[in-house]
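So you can see what is in the structure, the chains are spelled out below.
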There are 2 protein chains.
Amino acid sequence: MGNIKNTGEKGVAKVRAHRKKKISVKELTSKILAGEKSALARAITLVESKAEEDQKKANQLIENCLAVPNNSIRIGITGVPGVGKSTFIEALGKTILAAKKKVAILAVDPSSSISKGSILGDKTRMQELVKESNVFIRPSPSGDSLGGVARKTRESIILCEAAGYNCILIETVGVGQSEIAVHSMVDFFLLLKLAGAGDELQGMKRGIMEMADAIVINKAEGDNLKRALKAEVEFERALQLYPPKENGWLPKVSTCSALDQTGIEEVWVMFLEYFKLVHENGFWSTNREKQNQYWFRQTVDDLLKQHFYLSPSIKEELAQYMSRVSQNKISPFRAAEELLAYYKQELK
Amino acid sequence: MGNIKNTGEKGVAKVRAHRKKKISVKELTSKILAGEKSALARAITLVESKAEEDQKKANQLIENCLAVPNNSIRIGITGVPGVGKSTFIEALGKTILAAKKKVAILAVDPSSSISKGSILGDKTRMQELVKESNVFIRPSPSGDSLGGVARKTRESIILCEAAGYNCILIETVGVGQSEIAVHSMVDFFLLLKLAGAGDELQGMKRGIMEMADAIVINKAEGDNLKRALKAEVEFERALQLYPPKENGWLPKVSTCSALDQTGIEEVWVMFLEYFKLVHENGFWSTNREKQNQYWFRQTVDDLLKQHFYLSPSIKEELAQYMSRVSQNKISPFRAAEELLAYYKQELK
């Protein structure tokens, strides 16, 4: 029996592998459009795969799904480790489900491939949401670069939306440039904070506060409530220092307790207000178009630089010029001109 | 007599043109090193010239001057029009002269070539400084791009330093990216402000405050004094929101009246404190090296992009992809890959 069971497991794996190979892009597309969660998961696996054949399929899938009109809500959520992102998303997710939305939860965490301490990696942290049929949770794709992770996540959004998930929550953690990447793929950017010892604003990463459409101070509960309310006032004052946003929205500050489920409903109401505003003033659609253009230009620039900087002969020349530039032996401008002249010569 | 005078003027111009042509790079270099102001002015004209022959000479000159070790002080000064930059620089310049320094005043104003309303364009705004033998004033170079203007200014710094000017003040106005350019060529970045009606911080350009090593509130005089002192407190509080700077310096806020010459000496003392710190902690030299590397990398990237984006066939392809990307007909990433594949094909 034990023997049978063992081969049985292998057998199932074989059947599964077989089945996975057989499905066509067309079939997978229609299963996604029908909202089949397993088809969606499989499609994202294709997007994340490095195999050339998978990438071709993924490209075709994305193209099919791009054609599906959608009116989704894309929310970026950031905050340092320990701020309670998982608990917050669990509480927020339940509120959104109650509003009859389908929720997809994705993550951008370029560090996950190295540290394996991925956000969302441990799905059990969202014990209740994970059981819901209208919820789809996917941990951060692994990838050697932020660019790679960002691309995979951005294409996963398209797939989730095609599968009928009309509220996409994208979690990220305050490392490197990941916030900028997430900010450039969402409609609304939420910064989750904790009330500290009066120095909430100190040591905050440059630019993050400028990107935030809302700052929500979590763990406003028990002994911490007073400090949270004090922090709220400080953040409100700090936000006033920034110039008005292009979206016509005045960034909001609020407090919540994800643990006690207080202040969460208010966050959802704020989202609704925001989306009403940006649909009315046209920012929503122009912003999405701009984001598409941004990722196109960004990727073109990245690939162009890769092509240049990864060329072995350029690398060698560059290092030599860099050393002369550092030692004040040549003007940086002239060095750059000479290097480019070399590149053009090499290309011929 | 009138007749003779007329031809005489032309004759002088001819002689001057003749003399200008005859001087060699070697001769010009030694005149610069001897501190001759007219040679310095002429060298900067070469740097600013678009003629190929002049550029070659300029490159050689820069290379000669780069070899001269210097221990100069490079200060960037920014502020919106009307803040009193010229009066401030006039007052500050006199203080620096009194400290036995030679002062060169340059400007980065990419708008000057269009609007002709150049900062420093009207030298008479610094009526007293312009008469001083130890002062060299040069208006912003004209140039179609910020990159061009920045390069010319940066190379002019090298020439001024070789000519013995050991304090370089670089003025810029809050337009476009010029602050970032100036910040990347100076040791110390000073933001000049006015006390307004309590909303000093509102509407401030993103990132400028983060770059400032000091905020000096000008026109702290008469009726305005109270407001200036209030603004000082507000800016001090606002600066605390930012993370510590790499240079180990805590940005300072002070008030001054350039008109009444109060608070100017204090600015000079602050510079001395700053330079003492950054020489001691090593930031000064590593920063200069980093700035060289920055301009090298920046220029390489710019030239690389120019080579790509200015190619007519790329332009055409790019426009087509951009339109498909905007209409959600192709994923931005795939579009970028296809465009790069086309570029590599074209290059062969």
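Nothing here was measured: the structure is a model prediction, and the numbers come from that model. (Residues numbered from 1 in each chain as written. Chains lettered and ligands numbered in written order. Predicted model: local features only at pLDDT ≥ 70, side-chain atom pairs only at ≥ 80, totals over all residues.)

Some words on the overall build of chain A
Keep this limit in mind: Segments assigned H or I by DSSP are reported as helices when at least four residues long, segments assigned E as strands when at least two residues long, and all are numbered from the N terminus. Two residues form a contact once the distance between their C-beta atoms, set from the backbone, is within 7 Å.
The helix and strand tally for chain A stands at 14 helices and seven strands. Restricting to contacts in chain A with at least 6 residues of sequence separation, those with at least 24 account for 72%.

Brief notes about the relation of the copies chain A and chain B
We apply this condition: A least-squares superposition brings the copies together, and it is based on the C-alpha atoms of residues with pLDDT no lower than 70 in both.
The two copies are related by a screw motion: chain A maps onto chain B through a turn of 180 degrees and a shift of 0.0 Å along the axis, at an RMSD of 0.0 Å. One copy is carried onto the other by what is essentially a two-fold rotation axis. The residues that chain A uses at the interface reappear at the interface of chain B in 100% of cases, marking a shared surface.

Remarks on the interface of chain A and chain B
Put simply, the rule reads: Gly falls in the polar group here, along with every residue not listed as nonpolar (Ala, Val, Leu, Ile, Met, Phe, Trp, Tyr, Cys, Pro) or charged (Asp, Glu, Lys, Arg).
Counting residues at the interface gives 44 residues for chain A, matched by 44 residues for chain B. Of all the elements in the fold, those that place two or more residues in the side of chain A that touches chain B are α4 (52-66), α7 (146-162), α12 (283-309), α13 (312-326) and α14 (332-347) of chain A. For the side of chain A that touches chain B, the residue count by class is 24 nonpolar, 11 polar and nine charged.

Description of the environment of Gln60(A)
By the element assignment, Gln60(A) lies in helix α4. Counting along the chain gives 35 residues from Gln60(A) to Val25(A), while the straight-line C-alpha distance between them is 7.2 Å.

So, the packing of α14(A) against helix α12 (residues 283-309) of chain B
How we decide: Geometry is summarised by axes, namely lines fitted to C-alpha atoms with helices restricted to the contacting stretch, and by angles between N-to-C directions that run from 0 to 180 degrees. Each angle receives one of four descriptions, namely roughly parallel if under 35 degrees, roughly antiparallel if over 145, roughly perpendicular if within 65 to 115, and oblique otherwise. Two helices crossing with the near one rotated counterclockwise from the far one by less than a right angle form a left-handed crossing, whereas a clockwise rotation gives a right-handed crossing.
At a minimum axis distance of 8 Å, the contact between α14(A) and α12(B) shows a crossing angle of 40 degrees. Taken as axis vectors, α14(A) and α12(B) run oblique relative to one another. For α14(A) against α12(B), the interelement crossing comes out right-handed. In this structure, α14(A) contributes Pro332(A), Phe333(A), Ala335(A), Ala336(A), Glu337(A), Leu339(A) and Leu340(A) to the contact, and α12(B) contributes Asn292(B), Trp295(B), Phe296(B), Thr299(B), Val300(B), Leu303(B), Leu304(B) and His307(B).

Quick look at the sheet that holds strand β3 (residues 135-137) of chain B
Residue and element names in this part refer to chain B. What counts is decided by this rule: Paired strands, as defined in this entry, are two strands with at least two bridges between them according to DSSP.
The strand order across the open sheet built from seven strands is β3-β2-β4-β1-β5-β6-β7, with neighbouring strands paired in parallel fashion. A single partner strand is all that each edge strand has here, and the edge strands are β3 and β7 (252-255). Ignoring strand direction, the axes of neighbouring strands in this sheet form an average angle of 20 degrees. Relative to strand β5 (residues 188-194), strand β1 (residues 73-78) runs parallel, the two being bridged by four bridges. The residue of β5 that forms the bridge with Gly76 is Phe189. Sitting on the sheet, helix α10 (residues 225-239) is in contact with β6 (214-218) and β7, with an inclination near 175 degrees to β7.

Re the nonpolar core
For the record, the criterion: In this description, a nonpolar core means buried residues of the types Ala, Val, Leu, Ile, Met, Phe, Trp, Tyr and Cys, linked to one another by C-beta atoms lying within 7 Å. Exposure classification rests on a simple neighbour count of other C-beta atoms within 10 Å of a residue's own: a residue reaching 20 or more is buried, one at 12 or fewer is exposed, and one in between is partly exposed. C-beta atoms are placed from the backbone. Those domain boundaries reflect an automatic or database domain assignment.
In this structure, Ala43(A), Ile75(A), Leu159(A), Ile168(A), Ile170(A) and Leu190(A) are the most contacted members of the largest nonpolar core, which totals 75 residues. Each of domain 1 (1-67) and domain 2 (68-281) of chain A accounts for three or more of the residues forming this core. Other than its neighbours up to four places away in sequence, Ile168(A) contacts Ser72(A), Ile73(A), Arg74(A), Ile75(A), Ala104(A), Leu106(A), Ile157(A), Cys160(A) and Glu161(A). Formed by 74 residues, the second largest nonpolar core is a distinct cluster that contains Ile77(B), Val103(B), Ile158(B) and Leu169(B).

Considering the confidence of the model for chain A
For clarity, the threshold we go by: The predictor attaches a confidence to each residue, called pLDDT, with possible values from 0 through 100.
Across chain A, pLDDT averages 86, with 85% of residues at or above 70. Overall, residues 113-117 of chain A carries pLDDT values under 50, and its contacts beyond four positions in sequence, including any with other chains, amount to four contacts.

Describing the pairing of β1(B)
All names here are of chain B. In terms of residue burial, β1 counts as a mostly covered element, since six of its six residues are buried. Burial along β1 is two-sided: Ile73, Ile75 and Ile77 facing one way and Arg74, Gly76 and Thr78 facing the other are all buried. Relative to strand β4 (residues 167-172), β1 is paired through six bridges, and the arrangement is parallel. Residue Ile77 lies in a different strand from β4, and its bridge partner there is Glu171.

Let's talk about helix α11 (residues 264-280) of chain B
Residues and elements named next belong to chain B. Using the following cut-off: Residue count minus one, scaled by 1.5 Å, sets the expected span of a helix. Throughout, the arc means the angular range of directions from the helix axis out to the C-beta atoms.
The first and last C-alpha atoms of α11 sit 25 Å apart over 17 residues, in line with the 24 Å expected at 1.5 Å per residue. Among all positions in α11, only Ile264, Val267, Phe271, Tyr274 and Val278 are buried. In an axial view of α11, the angular spread of the buried residues amounts to 65 degrees, which keeps them on one side of the axis. Turned more than 90 degrees away from the buried face of α11, the exposed residues are Val269, Leu272, Glu273, Lys276 and Glu280. The elements touched by buried residues of α11 are β1, α5 (85-98), β5, β6, β7 and α12. Directly after α11, the chain includes Gly282, whose backbone phi takes a positive value near 80 degrees.

Looking at the sheet that holds strand β7 (residues 252-255) of chain A
All names here are of chain A. Sheet architecture is open: seven strands sit in the order β3-β2-β4-β1-β5-β6-β7, paired in parallel fashion. Looking along the sheet, the strands with just one partner apiece sit at the ends: β3 (135-137) and β7. For this sheet, the mean angle separating the axes of adjacent strands, direction not counted, is 20 degrees. Strand contacts of α7: β1 (73-78), β2 (103-108), β3 and β4 (167-172), with the helix running at about 175 degrees to β2, the strand carrying the most contacts.

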